[in-house]
Amino acid sequence: MCIPRALCTLYQDMPHVAIVQDAPEEIDLTPDITEYQLDSCLYVPVNSFSGFKADDRHTVRLLKGLGFDWEVLQMGEVTQPVADAADLTDFRVDYELPAIDADSVKVILYTVPRFPLYKGADTSFGISVDGASPAIFNYIPLEQSRQWKDNVIRNSMISEATFPVDRKSGNHRLSVTCGAPGLLVQRILVDWGGLKPTYVGPSNPL
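Since the model is a prediction, treat every value here as computed from it, not as a measurement.

Visitor: It is not clear to me how helix H1 (residues 146-154) should be interpreted in this structure. Could you clarify?
Guide: Owing to its 3.6 residues per turn, the α-helix brings residues three or four apart onto one side. Within H1, burial applies to Trp148, Lys149, Asn151 and Arg154. Elements that come into contact with the buried residues of H1 comprise strand E9 (157-164). Asn155, located one to two residues past H1, shows a positive phi value of around 55 degrees.

Written out as structure tokens, the structure is:
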């Protein structure tokens, strides 16, 4: 099969197909459940938030049929007022995390790529654990750049931040703050040493 060369999808860099002679006609592709169990990392469903901080200017809702898991968290509408992503007392959504046997955790957020609403606007949002100062992300995409192409192909922008945690604490709080309303969060991962590299991160474990 011939695949046309493509600039954005980089088909031309894919390895050649290997044809194996006398290969078995049937191959057991049943997943090994033990390989899908998460160890020293955590998948956080976007619909499992324990609460949120928003006034009557902002809305929080779940959208079905979008994202890797067919459900995304939408923080605000693009027409609503801008908030302060660095302020934990402003617009945010909270998630409860269990006890973690580690001194630090990495939070990985997969969001739907977006452009600023107008020139001079931004796409800011933040991540915080246990009340720490939020790590702020404000990606202003440059169209046709390599990062822009990667985000479009993957249909997500990946943001990572590492925070110290107290391993003696019984639980932890993860907060996602929103500066520019309209943020779409489609997957949240927390890693303290066990996350394996994958294309879009693990889905809800079996």
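Back to the write-up after that little detour.
Visitor: When you look at the environment of Gln74 in this model, what are you seeing that I'm missing?
Guide: Mapped onto the secondary structure, Gln74 falls in strand E4 (residues 71-75). Each C-alpha atom, one on Gln74 and one on Val17, is 40 Å from the other, the two residues being 57 residues apart in sequence. Among residues more than four places away in sequence, those in contact with Gln74 are Thr59, Val60, Arg61, Leu63, Leu183 and Leu184. A polar side-chain atom of Gln74 sits 2.8 Å from a polar atom in the side chain of Arg61. Within the structure, the side chain of Gln74 is placed 3.2 Å from the backbone oxygen of Gly76, a separation counted as a polar contact.

Visitor: How should I be thinking about the nonpolar core in this particular structure?
Guide: Generally speaking, soluble globular proteins have nonpolar side chains that are buried together. Counting residues in each nonpolar core, the largest one holds 32 residues, and the members touching the most others are Leu73, Met75, Tyr95, Leu174 and Ile188. Looking at this core, the elements with two or more residues in it are E4, strand E5 (92-98), strand E6 (104-111), strand E7 (125-129), E9, strand E10 (171-178) and strand E11 (183-191). It is E11 that contributes the most residues to this core, 4 residues altogether.

Visitor: What's the story with the environment of Leu142 in this structure? I'm lost.
Guide: Turning to its location among the elements, Leu142 is positioned in the loop between strand E8 (135-137) and H1. The exposure class of Leu142 is exposed, given its relative accessible area of 60%. Between the alpha carbons of Leu142 and Lys119 there is a distance of 13 Å; along the sequence they are 23 residues apart.

Visitor: How should the pairing of E9 be read in this particular structure?
Guide: Within a regular strand, the side chains alternate between the two sheet faces. Only one face of E9 is buried: it carries Met157, Ser159, Ala161 and Phe163, and the other face, with Ile158, Glu160, Thr162 and Pro164, is open. Sheet topology places E6 next to E9; 8 bridges connect them, and they run antiparallel. Paired with Thr111 across the two strands is Met157, which belongs to E9.

Visitor: Where do I start with the pairing of strand E3 (residues 60-64) in this structure?
Guide: The pairing of E3 with E4 spans 5 bridges and is classified as antiparallel. Along E4, the bridge assignment pairs Lys64 with Glu71. Between E3 and E4, which pair antiparallel one after the other, the connecting turn spans 6 residues, and Gly65 there sits at a positive phi close to 85 degrees.

Reading the values: the criteria
- Residues numbered from 1 in each chain as written.
- Predicted model: local features only at pLDDT ≥ 70, side-chain atom pairs only at ≥ 80, totals over all residues.
- Heavy atoms only, no water.
- Buried < 20%, exposed > 50% of the residue type's maximum accessible area, 1.4 Å probe, protein only.
- Helix = DSSP H or I, 4+ residues; strand = E, 2+ residues; numbered from the N terminus.
- Contact = heavy atoms within 4.5 Å.
- Polar contact = N/O pair within 3.5 Å; in protein donor to acceptor, adjacent residues only side chain to side chain.
- Core = buried A, V, L, I, M, F, W, Y, C linked by side-chain atoms within 4.5 Å.
- Pairing = 2+ DSSP bridges.

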